[in-house]
Amino acid sequence: GDSVTQTEGLVTLTEGLPVMLNCTYQSTYSPFLFWYVQHLNEAPKLLLKSFTDNKRPEHQGFHATLHKSSSSFHLQKSSAQLSDSALYYCALSEAGGNYKPTFGKGTSLVVHP
Amino acid sequence: GPKVLQIPSHQIIDMGQMVTLNCDPVSNHLYFYWYKQILGQQMEFLVNFYNGKVMEKSKLFKDQFSVERPDGSYFTLKIQPTALEDSAVYFCASSLGGRGLYFGSGTRLTVL
C-alpha cells in the first residue's frame, strides 16, 4: 500500500537559516505529491503540489522537487522566517484511485530568533 | 482561493447526545473528507465520500458515525451517541480529483 515517511517529528531552526523537511514515499503507481502547512489553531492549507517529475513548484518561498528515482519530495526554503513555524504534512494521492491522500505524520517546524 | 465552510465553529454537548457537523464544500468539488485532530496531535483520516457513497473509512470511524450529503446540500458528519473521546477538532475537506485538498476551519467539539 501507499505510505509517506517524514523522518523528523520536530525541526528547530534559527531565523535566516535554510529549511529542509524530508519526505519519502512508497506508491504502486505514479502519485501526486503535496505539502500542507498547518499553523497553530488553524486548518491545514495546501502549500505545494507536483504532478510531473523534476518540475519544481514554488509558493511563499518554499519549493519542492519530485524525484521519482529516489521517491522523494523534500520541502525547502532558502531562509527561514519566524512565521514559518508550523506543522508540515507531506501527502500523496494516486491518480485513478479514490484520491484519498495518504498523509505523513507531520513535521513540526519551530523557527526562533 | 477556494473556501470550505464549516458550521458551527464550536460545539459543546453532553455525552450521549447526538451532534451533526456541517460542511459546505467548494462548489465544483466532487470528493469530500472528514479528519479528526486531537489537541497537539497529528490529523487523522476518518472517511471520504464520492457520488453519494462512502469510499473508504478508517478504524476511527466508529459505528456511531455517519456521513451524508443529500442533494448537494451540506456534507454532514453525525455522531450518535457521542462519547468523551469524540472531543476533538473535526476538519472537513473537499477536492476535485487528485489536485489537492481544501480544508475548512474546523469544528471544535467538546463532549462533557
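Please refer to the structure higher up on the page.
So, here is what we can say about the structure in this document. Note that the structure is predicted; figures quoted are calculated from it, not measured.

The next point concerns the pattern of salt bridges. Inspection of the entire model under this criterion finds four salt bridges over all chains. When the shortest N-O distance is used, the salt bridge between Glu-56 of chain B and Lys-100 of chain A registers 3.9 Å. Residue Glu-56 of chain B is found in strand β6 (residues 53–57), and its partner Lys-100 of chain A is found in the loop between β10 (86–94) and β11 (102–103); the two belong to separate chains. Residues Lys-62 of chain B and Asp-86 of chain B are paired through a salt bridge, measuring 2.9 Å at the closest nitrogen-oxygen approach.

What follows concerns the interface of chain B and chain A. Contacts between the two partners involve 22 residues from chain B and, on the opposite side, 21 residues from chain A. Note on chain B versus chain A: buried area summed over both sides is about 1,700 Å², and carbon and sulfur give 58% of it. Together, Gln-42, Gly-98 and Arg-99 of chain B form the three largest contributors to the area buried by chain B at its contact with chain A, with a combined 29%. Here chain B is connected to chain A by one salt bridge. Taken together, the elements giving at least two residues each to the side of chain B that touches chain A come down to β4 (31–37), β5 (43–50), β6 and β10 (102–103) of chain B. Of all the elements, β4 of chain B adds the most residues to the side of chain B that touches chain A, at four residues.

The next thing to look at is the pairing of strand β5 (residues 31–38) of chain A. Residue and element names in this part refer to chain A. For β5, the buried fraction is high: eight of the eight residues fall into the buried class. Covered by surrounding structure in β5 are Pro-31, Leu-33, Trp-35 and Val-37 together with Phe-32, Phe-34, Tyr-36 and Gln-38, the residues of both alternating faces. The pairing of β5 with β10 spans eight bridges and is classified as antiparallel. Bridge pairing in β10 links Tyr-36 to Tyr-89. Strand direction decides the pairing type here: β5 and strand β6 (residues 45–50), joined by five bridges, are antiparallel.

Cut-offs and rules
- Residues numbered from 1 in each chain as written.
- Chains lettered and ligands numbered in written order.
- Predicted model: local features only at pLDDT ≥ 70, side-chain atom pairs only at ≥ 80, totals over all residues.
- Heavy atoms only, no water.
- Salt bridge = Lys/Arg side-chain N within 4 Å of Asp/Glu carboxyl O.
- Helix = DSSP H or I, 4+ residues; strand = E, 2+ residues; numbered from the N terminus.
- Contact = heavy atoms within 4.5 Å.
- Buried area = accessible area lost by both parts, 1.4 Å probe.
- Buried < 20%, exposed > 50% of the residue type's maximum accessible area, 1.4 Å probe, protein only.
- Pairing = 2+ DSSP bridges.

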